[in-house]
Amino acid sequence: MSEYPAAPAASADRSKIITKPVLSWAFWDWGSAAINAVMTTFVFTVYLTSGLFGDTDANSVVLGNGLAIAGLAIALLAPVAGLRSDAGGRRRFWLGVNTVIVAVLTAACFFVYPEPRFLVLGVTLIALASVFSEFATVNYNAMLPQISTPATIGKVSGFGWGMGYLGGIMALAIVLFTLVTPIFPWAGATETNSLNLRLVAVFSAVWFMGFALPVLFAVPEIPGDKGGPRFTLLQSYAELGRRVRALFRTDRHTVYFLLASAIFRDGLGAVFTFGGIIAAGTFGFPLTKVIIFAIVGNVVAAAGAMIGGWLDDTIGPKRVIVFSLIGLLISGMGVFFSPGAGGFWVFGLMLCLFVGPAQSSSRAYLARLAPAGQEGELFGLYATTGRAVNFLAPALFAAAIALATPHVAQAQRYGILGIMVVLLLGLLLLLPVRPPRSDG
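Residues numbered from 1 in each chain as written. Predicted model: local features only at pLDDT ≥ 70, side-chain atom pairs only at ≥ 80, totals over all residues. Heavy atoms only, no water.

Enquirer: Could you clarify how one ought to interpret the overall build of the protein in this entry?
Expert: For the protein, the count of helices and strands is 16 helices and zero strands. Counting only residues that meet the buried cut, the protein has 55% of its 440 residues in that class. Surface exposure of the protein reaches about 18,100 Å², of which carbon and sulfur atoms provide 72%. (Helix = DSSP H or I, 4+ residues; strand = E, 2+ residues; numbered from the N terminus. Buried < 20%, exposed > 50% of the residue type's maximum accessible area, 1.4 Å probe, protein only. Areas by Shrake-Rupley, 256 points an atom, 1.4 Å probe, with all protein chains shown as cover.)

Right, dumping it as structure tokens:
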């Protein structure tokens, strides 16, 4: 299983790194950043949890519950979706279908007016969009072996992650300076009925769909197993269980990697999720500085992902992940002990630098392990294991603050230690995992 899988050729010359299929594939990451950065992180969910919809704490609970239900749906359905797309030879087809659904759901958020009665509609649309976005991502990640070679897979994965970070920066900048805090007056920037914030949804949908189109034309469809069995949904779960058991018997290190990566990926996500909160609450950054830090941090993370991709193909994905996690632990402790904003800038940007390579090489690691024709299934499990533990870093972040509150004045700073515990646990679980054969 550690052999690199054969895959349909996506271009005439696969010795190059930046080919037309690779660029088209990476543009999907560029476009999807509008959903992740604009809709679910910095802008639209902030709108949903604001006082425009009633009590902010209650709104946050509704949003949290909606996303939790979405996470459960992803955990239950993602691996089956990957299995079925592999067997049917319709990976590109399902990537396209799910992409269109995400774009439509995102655009529909335009109709979420700033009244409490529209809160459930907004949360439902965001939750559904996150589900179908994850389904699309399963098929998107599974395309990685199709467009790369054993010598370029790390660089290609890193390039995709880097494009995603840069796309998020561009989308955020456009939204901030044309809709949220416009630098020139125009009709769409009016705050009447929150038109400017509702237009953010339309912009994000168009941005995502526009940049997602190239991959649907440039990367060929995989061949289906015409003589293979066709499963109903329930039969797919039974088949999935059989394959997981077989995977554990034949290559349990792949299962170990799925578990280890689920832990450290949760910590990686928390670095961005709580970074802005710590910048504002602990180091006194106003909103404008938080946004500036987010933009600079994404630039640094993009550079880190691309550098890590090159190192991935040179020294192997496991070494890149281990080195990155150690760098994250050192940087995180630097943030914890920093007395002021200057230290946060230095060590916070170091955190961003190491997040990119860890994310990119984790995807490349699994792509190297995936047997031909089973990439979607394995990336479905990748999504599921990640969702299964995505409560861990937030829970330890909150617990560390709660434990510190009776004893120190600035307890929020101690939440950093909770995230560091998750990253350390992921690192310790990864160390005994056997690397892919190409890792040396």
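Enquirer: It is not clear to me how the nonpolar core should be interpreted in this structure. Could you clarify?
Expert: Nonpolar side chains in soluble globular proteins generally cluster together in the buried interior. Core analysis: the biggest nonpolar cluster contains 120 residues, and Trp-25, Phe-44 and Leu-430 have the highest contact counts within it. The contacts of Leu-430, once residues within four sequence positions are left out, are Phe-257, Ala-260, Phe-264, Lys-318, Ile-321, Val-322 and Leu-325. (Core = buried A, V, L, I, M, F, W, Y, C linked by side-chain atoms within 4.5 Å. Contact = heavy atoms within 4.5 Å.)

Enquirer: What is the right way to read the packing of aromatic side chains from this model?
Expert: Aromatic rings in a pair are described by how distant their centres are and how their planes are angled relative to each other. Scanning all chains against the criterion turns up 23 aromatic pairs. When the ring of Phe-257 is compared with that of Tyr-365, the centres are 3.9 Å apart and the planes differ by 5°; the resulting orientation is stacked. Note that Phe-257 is positioned in helix α10 (residues 252-281) and Tyr-365 in helix α13 (residues 341-369), a separation of 108 residues in sequence. For the pair Phe-257 and Tyr-365, a shared accessibility class is recorded, and that class is buried. Through a chain of ring-to-ring contacts, three or more aromatic side chains come together here, namely Phe-27, Trp-30, Phe-203, Trp-207 and Phe-211. The ring of Phe-93 has Arg-90 lying over it, and the distance from NZ or CZ to the ring centre is 3.9 Å. Above the plane of the ring of Phe-110 lies Arg-198, whose end atom (NZ or CZ) is 4.6 Å from the centre. (Phe/Tyr/Trp six-rings, centres within 6.5 Å; stacked < 30°, edge-to-face > 60°. Lys NZ or Arg CZ within 6 Å of the ring centre and 35° of its normal.)

Enquirer: Looking at this structure, I do not really get the side chain of Ser-360. What am I missing?
Expert: As for its position among the elements, Ser-360 is in helix α13. Ser-360 gets classed as buried once you look at its relative accessible area, which sits at 0%. Setting aside residues no more than four positions away along its own chain, Ser-360 makes contact with Gly-154, Ser-157, Gly-158, Trp-161 and Ala-305.

Enquirer: I tried to follow the packing of helix α12 (residues 317-337) against helix α16 (residues 415-430) on my own but got confused; where do I start?
Expert: Relative placement of two packed helices is described by the angle separating their axes and the distance separating the axes. The interhelical angle for the contact between α12 and α16, taken along N-to-C directions, is 160°, at an axis separation of 10 Å. Of the possible angle classes, the one that applies to α12 and α16 is roughly antiparallel. Relative to α16, the crossing made by α12 is left-handed. In contact with Lys-318, Ile-321, Val-322, Leu-325, Ile-326, Leu-328, Leu-329, Gly-332, Met-333, Val-335 and Phe-336 of α12, α16 contributes Ile-416, Leu-417, Met-420, Leu-423, Leu-424, Leu-427 and Leu-430. Looking at the contact of α12 with α16, its residues break down into 16 nonpolar, one polar and one charged. (Axes fitted to C-alpha atoms, helices over the stretch in contact; angles between N-to-C directions. Parallel < 35°, antiparallel > 145°, perpendicular 65-115°, else oblique. Left-handed = near helix turned anticlockwise from the far one by under 90°. Nonpolar A, V, L, I, M, F, W, Y, C, P; charged D, E, K, R; others polar.)

Enquirer: Please explain the environment of Val-46 as it appears in this structure.
Expert: Here Val-46 lies in helix α2 (residues 44-48). Judged by relative accessible area, which is 46%, Val-46 ranks as partly exposed. Separated by 14 residues in the primary sequence, Val-46 and Ser-60 place their C-alpha atoms 9.2 Å from one another.

Enquirer: Would you take a moment to explain α16 for this structure?
Expert: At 3.6 residues per turn, the α-helix brings residues three or four places apart onto the same side. Under the 1.5 Å per step criterion, the end-to-end length of α16 is 23 Å for 16 residues, consistent within 8% with the ideal 22 Å. Buried residues of α16: Gly-415, Ile-416, Gly-418, Ile-419, Met-420, Val-422, Leu-423, Gly-426, Leu-427 and Leu-430, and no others. (Expected span 1.5 Å × (residues − 1).)

Enquirer: In this structure, what is going on with helix α5 (residues 119-142)? I would like to understand it.
Expert: The end-to-end C-alpha distance of α5 is 35 Å, a good match for the 34 Å that 24 residues give at a rise of 1.5 Å each. Across the 24 residues of α5, 19 count as buried, placing the element largely inside the fold.

Enquirer: Help me out: how do you make sense of the pattern of salt bridges in this one?
Expert: Where charged atoms of side chains with opposite charge meet at close range, the side chains can pair. Scanning the model with the defined rule gives five salt bridges in all. Note that Lys-155 and Asp-313 form a salt bridge whose closest N and O atoms lie 3.3 Å from each other. With a gap of 158 residues between them, Lys-155 in helix α7 (residues 153-180) and Asp-313 in helix α11 (residues 287-315) connect regions that are remote in the sequence. Asp-313 shares its class with Lys-155; the two are buried. Among the salt bridges present, the one from Arg-368 reaches Asp-313, with a minimum N-O distance of 2.9 Å. (Salt bridge = Lys/Arg side-chain N within 4 Å of Asp/Glu carboxyl O.)

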